Each structure stands twice: as structure tokens, then as C-alpha cells.
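Chain by chain, the residues run as shown.
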Amino acid sequence: MKKISILLLSVIAIGVVVSIKNHPVLTKNITNIESILSEKKSAKKVLILPLNGGANEQYIDSAVSYLKSYFPESEIIKGTNINLPKYCFNGNRYRSDSILKFLDEIKPDSIFRIIAITSDDISCTRTLIRNDKPITYPDYGIIGMGSLTKGVCVVSSYRVSKNIYSFAKVVTHEFMHTLGVRHCNHKCCIMQDGKGSGKSLRNANHIHETCLKKAQLGFEGNQKKLMVLNMKLKNN
């Protein structure tokens, strides 16, 4: 009798599954649920991390909106403030290379990328062409810096405190560096190298399709295809 009951329950269960699969509304709902779960599972977590108090909240919200317009599949998480260690400060400014090293050390495996935000002045050692001659500045003030290999970047509002749109573009620019996208020569693309001037940043109004394609490959973790694409473009 027990075996017959188990057999009947099994038949009923199979019948329910078949009925659900054959029911158009239920099947659609199940498909939608599976799609949502799959999307959440594959979402890349991008951490917005305030440093030394972060920056104006409106600037951060604007930057997040701009970033999401190009990378809608990213999951933006706003973290709590972290104070930078003393070794990042050189007595005048916070060194961007030291900040990136610090961010790399604290970056959790569960986080895809870190975008650190600060209102403090940051700097790096940079060589620029002035009057056709290279000049190296040991402590050159910058807006942001992103690592091509470590998955971290830092952006400062110190030099763009009066232009919320420029700040948003810088955040996406540095984020794209973390995806393996280098500077470009495309007119009005946000990935242009400023070369010590804010003019190209002010004039930038989009992301060129080639730069965006590179970014998508980097976002998907397809470094091999990104490398091949870079080689093709270099040889053309």
C-alpha cells in the first residue's frame, strides 16, 4: 500500500510539472523569475568608495547615472567612508599611485571594480610636452587615475568642483581604464588624454564606439579578444 501511495504521489508531481510547463502564463512567470535570478547572479558589483569624506552627494549621483547609462548591467554599491593611510599623503597632496596600491590591498574578491571618490587634491609624477620639450613634474595635480590591471581607480572633485558633468565623465573615464581601455584620439570622446589640459574633458560628449567595444570586452572579462582588438587597431 505504501509503495502504491508513493507511486501515486510521483505521478501527481509529474503531472503538475507537465501542467505548469504547458501553461503559458505560469511558464512565462517562471522564465521571468529565472531571468531575474540569472541577471542578479551575473551582475558585476562596482563599489563607489568615499575617501576622506568623499565628495558632494549630487556629484556622486550624477556620476553613477552617467556610468549606468553606458554600463546598465553593473550593480552600483555605495560604500562607507574610509580614511586614507598616512603613507598616501606627501605633505602637499595625496599620491594617486599610493591610493591605487591601498585600494588594491583592500579590494574584496566579491567586488568587480572600485571607484574611489575624494574631494582632496591628488597627484602623480607626470611628463608633459611643453614647447616641444618633455618636462617631468614630480607632483602634478590630477583629476583621476585608473589602473589598467588592478580593477581600481580614484577620482578627485578638487579640480572640477564647479562642473558636475565633467566630474561624471572623469568617473566613467577612469572606470574604463580599469576595464583595460587606454586613451584614444577620437574627437570628443571621454577617453581622450587631457595632456595636462581640461579642454578635451570639457569638449567630450560621448564614448566612441571603438572605446565602448573595448570596455564591453573588458567588462565581460574577455581579455584575449580585447588584446586582439588592440593589436588590429594598432596595425591599421
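Residues numbered from 1 in each chain as written. Predicted model: local features only at pLDDT ≥ 70, side-chain atom pairs only at ≥ 80, totals over all residues. Heavy atoms only, no water.

A.B. asks: Run through the nonpolar core, naming residues and quoting values.
C.D. replies: The biggest cluster of nonpolar side chains holds 34 residues, and the ones touching the most others in it are I115, I117 and M176. Mapped by element, the contributors of at least two residues to this core are strand 1 (44-50), helix 3 (57-70), strand 4 (113-118), strand 8 (152-156), helix 5 (164-178) and helix 7 (209-219). Setting aside chain neighbours within four positions, we find I115 in contact with V46, L47, I48, L49, L67, C153, V171 and F175. Residues L49, F102, L103 and A116 belong to the second largest nonpolar core, which totals 20 residues. (Core = buried A, V, L, I, M, F, W, Y, C linked by side-chain atoms within 4.5 Å. Buried < 20%, exposed > 50% of the residue type's maximum accessible area, 1.4 Å probe, protein only. Helix = DSSP H or I, 4+ residues; strand = E, 2+ residues; numbered from the N terminus. Contact = heavy atoms within 4.5 Å.)

A.B. asks: Kindly report on the sheet that holds strand 1, identifying the contributing residues and their values.
C.D. replies: If you walk across this open sheet you meet the five strands as 2-1-4-8-7, and the pairing is mixed. With one partner strand each, in any of the chains shown, strand 2 (74-78) and strand 7 (144-146) form the two edges of the open sheet. Mean inter-strand twist for the sheet, computed between neighbouring axes without regard to direction, equals 20 degrees. Judged from the five bridges that link them, strand 1 and strand 2 form a sheet pairing that is parallel. Residue pairing across strands places V46 opposite I76, the latter belonging to strand 2. In the packing of helix 3 onto the sheet, contacts are made with strand 1, strand 2 and strand 4, and the angle to strand 2 comes to roughly 170 degrees. (Pairing = 2+ DSSP bridges. Axes fitted to C-alpha atoms, helices over the stretch in contact; angles between N-to-C directions.)

A.B. asks: Run through helix 3, naming residues and quoting values.
C.D. replies: End to end, helix 3 covers 21 Å across 14 residues, agreeing with the expected 20 Å (1.5 Å per residue, within 8%). Where helix 3 is buried, its residues contact strand 1, strand 2, strand 4 and helix 5. The N-cap residue of helix 3 is N56: its side-chain oxygen and the backbone nitrogen of Q58 are 2.7 Å apart. (Expected span 1.5 Å × (residues − 1). Polar contact = N/O pair within 3.5 Å; in protein donor to acceptor, adjacent residues only side chain to side chain.)

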